Amino acid sequence: MSDGSDATNADGARRVSDSSDDGPVLAADGRPLKQSLQRALRRQKLRALGLIAPLLIFILVTFIAPIADMLFRSVENQIVSDTLPQTVQTLADWDPDSGELPGQEVFRDFYFDLAVAAQRKKHTQLGTRLNYELTGVSSLFRRSGRRIDDIGEVYMDQFEDLNAAWGEEMTWARLMGSEDWLQEQEAWNADAAAADEADRDFDRPLPAFEFGADVRAELPRTAAVFDEFAHYMRTDNQESVMEDEPWEVAYAALYEDLMANPDAAAAFSGENATILSEAADAVPKFQAVDYKAAILETEEGWSDPQVWATIQTFSPDYTTGYFLNAVDLQMTPDGIQAQPRDQQIYVLLFKRTLFMSLMIMGSCVVLGYPIAYLLSNLPLRESNMLMILVLLPFWTSLLVRTSAWKVLLQQQGVINDLLVWLGLVADDSRLVMINNQFGTIVAMTHILLPFMILPLYSVMKTIPPSYVRAAKSLGATNWTAFWRVYFPQSVPGIGAGCILVFILSIGYYITPELVGGTTGTFISNRIAYHISSSLNWGLAAALGSILLAVVLLLYWVYDKIVGIDNVSLG
Amino acid sequence: MTAASEQGFVVFDRVQKSYDGETLVVKDLNLSIGKGEFLTMLGPSGSGKTTCLMMLAGFETATHGDILLDGKPINNIPPHKRGIGMVFQNYALFPHMTVAENLAFPLEVRNISRSDRESKVKHALDMVQMGDFGGRRPAQLSGGQQQRIALARALVFEPELVLMDEPLGALDKQLREHMQFEITNLAHQLGITTVYVTHDQTEALTMSDRVAVFDDGRIQQLAAPDELYEQPQNSFVAQFIGENNTMMGTVKEIKGDACIVQLDGGELIDAVPVNVSKPGERTLISIRPERVEFNKERLHEDAHTLKAEVLEFIYMGDIFRTRLKVAGNENFVIKTRNAPDQRRLKPGEQIEIGWLPQDCRALDA
Ligand SMILES: Nc1ncnc2c1ncn2[C@@H]1O[C@H](COP(=O)(O)OP(=O)(O)OP(=O)(O)O)[C@@H](O)[C@H]1O
Ligand SMILES: [Mg+2]
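Because the structure is predicted, anything quoted here is derived from the model rather than measured.

### Some thoughts on the interface of chain A and chain B
Here is step 1 of the chain: Each partner contributes residues to the interface: chain A has 17 residues there, and chain B has 22 residues.
Here is step 2 of the chain: Summed over both partners, the interface of chain A with chain B buries about 1700 Å², with 66% contributed by carbon and sulfur atoms.
Here is step 3 of the chain: Looking at the side of chain A facing chain B, the largest losses of area belong to Arg469, Leu474 and Arg484 of chain A, adding up to 39% of the total buried there.
Here is step 4 of the chain: In this assembly, chain A and chain B are joined by two salt bridges.
Here is step 5 of the chain: Between chain A and chain B we count four residue pairs in polar contact (both at pLDDT 80 or more) in total.
Here is step 6 of the chain: Among the residues making up the side of chain A that touches chain B, the classes are represented as eight nonpolar, six polar and three charged.

### Side note on a positive patch on the surface
All names here are of chain A.
Here is step 1 of the chain: Together, Arg39, Arg42, Arg43, Lys45 and Arg47 give the surface a local cluster of positive charge.
Here is step 2 of the chain: Mapping arginine 47 onto the fold places it in helix H2 (residues 33-73).
Here is step 3 of the chain: In this structure arginine 47 comes out as exposed when scored by relative accessible area, which is 57%.

### Re the layout of surface pockets
Picture a little ball the size of a water molecule; that probe, rolled over the atoms, points out where space is still empty.
Residues and elements named next belong to chain A.
Here is step 1 of the chain: Its boundaries defined by the atoms lining it, the largest pocket holds a volume of some 590 Å³.
Here is step 2 of the chain: Contributing to the lining of the largest pocket are 25 residues, with Asn131, Tyr132, Glu133, Gln339 and Gln343 lying nearest its centre.
Here is step 3 of the chain: Residue assignment for the lining of the largest pocket shows that the elements contributing at least two residues are helix H6 (123-131), helix H16 (305-313), strand E1 (329-332) and helix H26 (523-532).
Here is step 4 of the chain: Grouping the amino acids of the lining of the largest pocket by side-chain chemistry returns 10 nonpolar, 13 polar and two charged.
Here is step 5 of the chain: Per-domain counts for the lining of the largest pocket show at least three residues from each of domain 2 (80-319) and domain 3 (346-566).

### Observations concerning the packing of helix H18 (residues 346-377) of chain A against H26 of chain A
All names here are of chain A.
Here is step 1 of the chain: At a closest axis distance of 8 Å, the pairing of H18 and H26 adopts a crossing angle of 135°. In this view, H18 runs oblique relative to H26, as classed from their interaxial angle. Across the interface between the two elements, Tyr346, Leu349, Phe350 and Thr353 of H18 pack against Ile523, Arg526 and His530 of H26.
Here is step 2 of the chain: Among the residues making up the contact of H18 with H26, the classes are represented as four nonpolar, two polar and one charged.

### Topic: the sheet that holds strand E2 (residues 26-33) of chain B
All names here are of chain B.
Here is step 1 of the chain: Spatially, E2-E1-E4-E5 is the arrangement adopted by the four strands of the open sheet, whose pairing is antiparallel. The open sheet has two edge strands, E2 and strand E5 (72-73), and neither has a second partner.
Here is step 2 of the chain: Contacts from helix H2 (residues 49-57) reach strand E1 (10-17), E2 and strand E4 (64-69) within the one sheet, and its direction differs from that of E1 by about 120°.

### Describing the site of ligand 1
Residue and element names in this part refer to chain B.
Here is step 1 of the chain: Taken together, Tyr19, Val25, Ser45, Gly46, Ser47, Gly48, Lys49, Thr50, Thr51, Glu166 and His199 form the complete shell of residues around ligand 1.
Here is step 2 of the chain: Residue threonine 50 places a side-chain N or O atom 2.4 Å away from an oxygen atom belonging to ligand 1.
Here is step 3 of the chain: Separating an oxygen atom of ligand 1 from a side-chain N or O atom of threonine 51 is a distance of 2.5 Å.
Here is step 4 of the chain: Out of a free accessible area of 630 Å², ligand 1 has 57% covered by protein chains.
Here is step 5 of the chain: Looking at the shell around ligand 1, its residues break down into two nonpolar, seven polar and two charged.

### So, the sheet that holds strand E16 (residues 319-326) of chain B
Residues and elements named next belong to chain B.
Here is step 1 of the chain: Overall, antiparallel pairing links the four strands, which are arranged E17-E16-E15-E18 in an open sheet. Among the strands making up the open sheet, the edge pair consists of strand E17 (329-337) and strand E18 (350-353). With strand direction ignored, the average angle separating the axes of adjacent strands in the sheet is 45°.
Here is step 2 of the chain: Two strands pair when backbone bridges link them, and E16 and E17 are joined in this way by seven bridges, in the antiparallel orientation. Bridge assignment links isoleucine 319 to a residue of E17, and that residue is arginine 337.

### Brief notes about helix H8 (residues 149-162) of chain A
Every α-helix winds through 3.6 residues per turn, so residues three or four apart in the chain are directed the same way.
Residues and elements named next belong to chain A.
Here is step 1 of the chain: Here H8 contains 14 residues, and its C-alpha end-to-end distance of 20 Å stays within 8% of the 20 Å for a straight helix at 1.5 Å per residue.
Here is step 2 of the chain: Three or more residues of H8 are buried, namely Ile151, Gly152, Tyr155, Met156, Gln158 and Phe159. Each buried residue of H8 sits inside an arc of 165° when the element is viewed along its axis, so together they form one side.
Here is step 3 of the chain: Structurally, H8 contributes buried residues whose contacts are with helix H5 (104-119), helix H13 (248-260), helix H14 (270-282) and helix H15 (291-298).

### Some words on the packing of aromatic side chains
Here is step 1 of the chain: A complete count under the given rule lists 41 aromatic pairs over all chains for this structure.
Here is step 2 of the chain: Considering the side-chain rings of tyrosine 255 of chain A and phenylalanine 286 of chain A, the 6.2 Å spacing of their centres and the 5° angle between planes classify their relative orientation as stacked. Note that tyrosine 255 of chain A is positioned in helix H13 and phenylalanine 286 of chain A in the loop between H14 and H15, a separation of 31 residues in sequence. The residues tyrosine 255 of chain A and phenylalanine 286 of chain A share a single accessibility class, namely buried.
Here is step 3 of the chain: The lysine or arginine in question, lysine 17 of chain B, covers the ring of tyrosine 19 of chain B, its NZ or CZ lying 5.0 Å from the ring centre.

### Describing H15 of chain A
Residue and element names in this part refer to chain A.
Here is step 1 of the chain: Every buried residue of H15 is listed here: Tyr291, Ala294, Ile295 and Thr298. In an axial view of H15, the angular spread of the buried residues amounts to 95°, which keeps them on one side of the axis.
Here is step 2 of the chain: On its buried side, H15 packs onto H5, helix H7 (137-147), H8 and H13.
Here is step 3 of the chain: N-capping of H15 is provided by aspartate 290, with a side-chain oxygen placed 3.2 Å from the backbone N of lysine 292.

Rules of the game
Residues numbered from 1 in each chain as written. Chains lettered and ligands numbered in written order. Predicted model: local features only at pLDDT ≥ 70, side-chain atom pairs only at ≥ 80, totals over all residues. Heavy atoms only, no water. Contact = heavy atoms within 4.5 Å. Buried area = accessible area lost by both parts, 1.4 Å probe. Salt bridge = Lys/Arg side-chain N within 4 Å of Asp/Glu carboxyl O. Polar contact = N/O pair within 3.5 Å; in protein donor to acceptor, adjacent residues only side chain to side chain. Nonpolar A, V, L, I, M, F, W, Y, C, P; charged D, E, K, R; others polar. Patch = residues over 30% accessible without salt bridge, like charges linked within 9 Å, V, L, I, M, F, W, Y side chains within 5 Å. Areas by Shrake-Rupley, 256 points an atom, 1.4 Å probe, with all protein chains shown as cover. Lys, Arg positive; Asp, Glu negative; His and termini not counted. Charge placed at Lys NZ, Arg CZ, Asp CG, Glu CD. Helix = DSSP H or I, 4+ residues; strand = E, 2+ residues; numbered from the N terminus. Buried < 20%, exposed > 50% of the residue type's maximum accessible area, 1.4 Å probe, protein only. 1 Å grid on protein atoms, 1.4 Å probe; cavity = no way out; pocket = protein on both sides within 12 Å on 5 of 7 lines; lining within 4 Å. Points joined across faces, edges and corners; volume = space filled by probe spheres on them. Domains from an automatic or database assignment. Axes fitted to C-alpha atoms, helices over the stretch in contact; angles between N-to-C directions. Parallel < 35°, antiparallel > 145°, perpendicular 65-115°, else oblique. Pairing = 2+ DSSP bridges. Near = heavy atom within 4 Å. Expected span 1.5 Å × (residues − 1). Arc of directions from axis to C-beta. Phe/Tyr/Trp six-rings, centres within 6.5 Å; stacked < 30°, edge-to-face > 60°. Lys NZ or Arg CZ within 6 Å of the ring centre and 35° of its normal.

The analysis is restricted to geometry; functional conclusions fall outside its scope.
Rendered as structure tokens:
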């Protein structure tokens, strides 16, 4: 009997040691256990991912992506290099400290960039952008844009005088377009005409414009202008380039190209070659335009080297300029400097926002703590009543509540009337309680109070009354029992409430807008102004980013000091 | 002896309590607890035990009557000035303080110097054999350990009176028995007066000098454990404490400290009259299962016996538990010791049972 059991034991032991010698432990189906565990877990993870996917996608698309885009705008500055691509390159070599205007070639490139931008109506946007950095630039761009075509007309007239064919759309289309495109476009035109005849709907898209071989190489400026033109025709007019002659600037471009490359016609054939070589022969005798003088003539302001220095400073694709502006600094050609004193508002606004948010948070704690204490210690029926009173503001429109404060606090308002009636305040020295910081703090404390009370209440609710009783039975006075025993246990609720209220108030907008006047507005009001009125989105984004960073920083500090685990929302 | 100790260290004098002004939760409570006594309040849920304790500790005020501590009425003394140690059912150890800080708390609020504080805390921790746990948080302790800390905290400021409200309710059976022993030992060692609340009757019987059985806001019986068990004063106590067989009957005849009761089936039995006074009264007779005898040789010759039929025999290790049908009652239980010569009854067997007259008590119906 004992022999037998020994034998089975030995067997069992061998089997166990065998499997561990052979390598990995196997699951029932013979696969390594680790592998099948991972498979099982992967399936679980996939299922979990599938469950949260809709919300995740929703949030990514509607929340994270726009925010990321907005934040990106705070450093993005491609508008300068997009609108003035050639100018930016040539201007890079200019030394702004020389005190002189940039050279002829900068003005020439600037003319081409500006003429194209003016046609595409992008020059005003650029003007607005650069106006943030240097006041007055906006009107420079606007006014010059209106008169820039005069320059190209000089060449256009000369080309047309030389050969009337230059005034025809088809001349240009044949010169610039490829054979394939010409055929395709003509077929399209025929179909469209036929459809029009038969009164049918025709919605085949326009064929994309395509340059002929060598056009880009032989006539680079003209091709660049014509490319923009073709794009403009297609997207803005839904027409092909066969429908309209190109912009005046195209003639100037052709002039420059033929001057630079008189043999360009050699690369073309047939009619194109003829007309081009004729032009190439003629252009040296053309009346040339002094671009510098011509541009200065469109607008006197371009003679200020400061303007060109600003364009140069802000030509990179990414800039810290918005962030600098957001902290009352500016990037000038001479480095980073403080904004002029009368434009320094953002640091003050940030400080004010933080200060007032702290005040609001503080008054919420002071007002909310006793209420929450009462709520959690009253019998159920009374505490429910009180809870309804606490929640009442939640159920009233924010605007109504804020307007109510206006009625109450204004100088002819209820409170002032009452004080005057009581004789506490003279009729001619009524208190100013609205449209200033006081008004904002009062109204916002009222609005945010529930966000303090609810977390406090939910934490206090979980503190058993036996703790305070125990403290008293151990000899503590009411105050000691509260301060040493009850209060420390309610701290997580205070923490949660403070974080909630502070973060909500730091980004609050409507109430300060309505009751803040000029001294009680927040940084968010300024952000809203830049988003919707001044359209300086870059600065708005920079201000928003700083606000976000401040909140995250405070959150981190709070985590270090109090510990985020100590925050309980119940 | 001072007047106070003669009168009792803690005295409830005609105390009444109502929470809502409609029903009395405590009705006319009179109780006197001697110095150094271990008194247990035992009773079913809602019988007012905690309420009494809270009135004593000062967290509830008596609606009527006086509570005296050491001869002085304490109705108007706030809880923190009463100097009564208290152990709560959930221990109420302050979660944000370490064990040592918890223990130091009552000393701190009494402005005891730091060095004294430390030595007292250490002493108290050693007393409950938790010397090494001073630096821990309550959440890092097991239930039994927390219980000991709660006890140590209630004792560390050397109160003369300690109140405990179901302090062992949350512990498992084994730990509970161990702690029962430790608590009684400590209480006697330190000579403190203890008022202990429980609804576990074994706990009450094993720990206490005296037990007050509560029901319906009144003390039903106040007596030492053995007296309570063997001589219950009324049917509530008899049924509440331990297991009891009860049968209804009518008093036939009373002769001094013995009487004869006619059961509703017509059978006659011997009993001790407890709260019956004259023949013809309805009565509930009660007899402990372990006092029932079916071995005729061990009974009095002239003892009344009853016919019984065995319904069920349960082997419980140290004892046998046999269910009988007696005088129409199918839940009559007898318990016999598992001794070598003990007879094991079989279901269906017909036997005759009897008892010593003093073991059978005729109580109020
Ligand atoms: N704060 C209170 N308000 C109103 N009624 C109460 C209050 N506390 C207790 N009661 C009522 O008083 C009665 C006695 O309660 P008490 O807590 O003293 O019972 P207990 O004997 O300690 O019961 P348990 O064994 O369940 O702890 C119960 O009916 C209870 O409903
Ligand atoms: Mg109780």
